[in-house]
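Architecture and fold: a report
The primary structure of each chain is shown beneath.
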Amino acid sequence: MSQKFDPANWQKLVDPERAEHLNPERVVVLTGILPGETVVDVGTGVGYFLQAILTAVGPEGTVYGVDISQEMLDKVAEEVGESAQVRLVHSQELAIPLEDNLADHVFVANVFHEIDPAERVAFLQELRRLLRPTGRLTLVEWKKEETPHGPPVEVRLGREEIVSYLYQAGFRFRRSEAAGPYHYLLQASLKEGIFGGDLRP
Ligand SMILES: C[S@@+](CC[C@H](N)C(=O)[O-])C[C@H]1O[C@@H](n2cnc3c(N)ncnc32)[C@H](O)[C@@H]1O
């Protein structure tokens with residue numbers, strides 16, 4: 001079993017020091033999210049990335065903040081609020097109550113290492129179900145090395161491990177780059193999507 005983030009520690013996620021090493025605006029720029037897109041932020045927590053995603057999609061876009069913790073979603077409702085543009089969704093570990101092919105982009109930050117290894121492919125398949133054929137998935141994860149903050153190195157995943165899970169779940173690796181000093185970002189599209197070429201490293 002993987003360790004889940006304890007909602008009682010939610011304040012750690014909004015610690016101003018966090019933005020110094022994981023700046024939400026900069027990370028969202030790296031994702032390439034475009035105006036008018038529909039984005040699903042899975043494991044939104046207290047909505048650390050929601051405002052930056054909202055800015056990126058603009059007034060024509062929609063953002064879904066999804067989490068298995070109602071406590072976290074209640075915090076988002078207090079801070080960001082719910083509207084036609086920001087919808088909050090209480091999910092189950094491997095089941096997100098949203099329709100198929102809804103999203104241009106699924107964004108998942110600091111969550112994948114919390115998924116039980118035996119369930120990681122099924123989790124990615126559930127994310128895949130939400131994506132349109134042209135859609136993209138962005139995962140943001142802790143680098144698998146000692147850093148001043150973050151979960152123990154043993155529970156973190158290297159890029160190659162994530163790429164292997166992605167392939168098993170029907171994704172094609174697109175690109176990866178640093179997302180601040182302690183994190184990396186990895187993007188994938190659907191294997192049967194419109195993007196050609198196998199970019200597996
Ligand atoms: C470490 S927090 C990160 C929150 C946010 N993405 C951020 O970076 O600030 C992980 C969040 O993922 C949620 N989570 C864990 N497993 C999940 C799953 N299978 N589906 C949806 N949310 C999940 C947890 O409840 C928690 O709110």
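Residues numbered from 1 in each chain as written. Predicted model: local features only at pLDDT ≥ 70, side-chain atom pairs only at ≥ 80, totals over all residues.

With respect to the environment of Leu-54
Rules: Segments assigned H or I by DSSP are reported as helices when at least four residues long, segments assigned E as strands when at least two residues long, and all are numbered from the N terminus. Here the C-beta atoms are placed from the backbone, and a residue counts as buried if at least 20 other C-beta atoms lie within 10 Å of its own, exposed if 12 or fewer do, and partly exposed otherwise. We call two residues in contact whenever the C-beta atoms placed from their backbones are within 7 Å.
Within the element layout of this structure, Leu-54 appears in helix 3 (residues 50–57). Note on Leu-54: 23 C-beta atoms within 10 Å, which makes it buried. Look past the residues within four positions of Leu-54 in its chain and what remains in contact with it is Val-63, Gln-85 and Val-86.

Topic: the sheet that holds strand 5 (residues 131–142)
For the record, the criterion: Strands qualify as paired when DSSP identifies two bridges or more between them. Comment: axis = line fitted to C-alpha atoms, over the contacting stretch for helices; angle = value between 0 and 180 degrees taken between N-to-C directions.
If you trace the 7 strands from one edge of the open sheet to the other, you get 3-2-1-4-5-7-6, paired in mixed fashion. Taken across any chain shown, the strands that pair with only one partner, and hence form the sheet edges, are strand 3 (86–90) and strand 6 (171–178). Strand-to-strand twist in this sheet, taken as the mean axis angle between neighbours without regard to direction, amounts to 20 degrees. Where strand 6 and strand 7 (residues 183–190) come together, 7 bridges link them in antiparallel fashion.

Focus: the nonpolar core
For clarity, the threshold we go by: Among buried residues, those of type Ala, Val, Leu, Ile, Met, Phe, Trp, Tyr and Cys that are joined through C-beta atoms within 7 Å form a set called a nonpolar core.
Core analysis: the biggest nonpolar cluster contains 50 residues, and Ile-53, Val-106, Val-108 and Leu-127 have the highest contact counts within it. With residues up to four places along the chain from it excluded, the contact list for Val-108 reads Val-42, Gly-43, Leu-127, Thr-138 and Leu-139.

Overview of helix 4 (residues 70–79)
As a reminder of what qualifies: An arc is given here, and it is the one of the directions from the helix axis to the C-beta atoms.
When we look at burial in helix 4, the residues that qualify are Met-72, Leu-73, Lys-75 and Val-76. Seen along its axis, helix 4 keeps its buried residues to an arc of 155 degrees; they face one direction. In helix 4, those exposed residues whose orientation departs by more than 90 degrees from the buried face are Gln-70, Glu-71 and Glu-78. Against helix 3, strand 2 (62–67) and strand 3 lie the buried residues of helix 4. Positioned one or two residues after helix 4, Gly-81 has a phi angle of 85 degrees, which is positive.

Here's the deal with the packing of helix 2 (residues 24–31) against helix 3
Note the threshold: An angle below 35 degrees is treated as roughly parallel, one above 145 as roughly antiparallel, one from 65 to 115 as roughly perpendicular, and anything else as oblique. Note: crossing handedness is left-handed where the near helix turns anticlockwise from the far helix by less than a right angle, and right-handed where it turns clockwise.
Remark: helix 2 packs on helix 3, axes separated minimally by 9 Å, with the N-to-C direction vectors making an angle of 45 degrees. Taken as axis vectors, helix 2 and helix 3 run oblique relative to one another. For the pair helix 2 and helix 3, the crossing hand works out as right-handed. Contacts between helix 2 and helix 3 involve Pro-24, Glu-25 and Val-28 from the former and Ala-52, Ile-53 and Ala-56 from the latter.

Examining the confidence of the model for the protein chain
We apply this condition: On a scale of 0 to 100, pLDDT captures the predictor's confidence in every residue.
The pLDDT averaged across the protein chain works out to 93; a share of 95% of its residues lies at or above 70. Counting contacts from residues 196–201, a segment whose pLDDT is below 50, to residues more than four positions away or on other chains yields 6 contacts.

Concerning helix 2
The complete set of buried residues in helix 2 reads Val-27, Val-28 and Thr-31. The arc enclosing the buried residues of helix 2, seen along the axis, measures out at 100 degrees, which places them on a common side. Tucked inside the fold, the buried residues of helix 2 contact helix 3, strand 4 (103–109), strand 5 and strand 7. Positioned one or two residues after helix 2, Gly-32 has a phi angle of 75 degrees, which is positive.

Details of the pairing of strand 2
How we decide: Convention used here: a crossover is right-handed provided that the path from the first strand, over the helix, to the second strand proceeds clockwise when the strands point away from the viewer.
Counting buried residues in strand 2 gives 5 out of 6 residues, a clear majority hidden from the surface. Alignment of strand 1 (residues 38–42) against strand 2, held across 5 bridges, turns out to be parallel. Opposite Asp-41, over in strand 2, you have Gly-65 as the bridge partner. Handedness of the crossover joining strand 1 and strand 2 through helix 3: right-handed. As paired elements, strand 2 and strand 3 share 5 bridges and run parallel to each other. Note on strand 3: the bridge partner recorded for Val-63 is Val-86.

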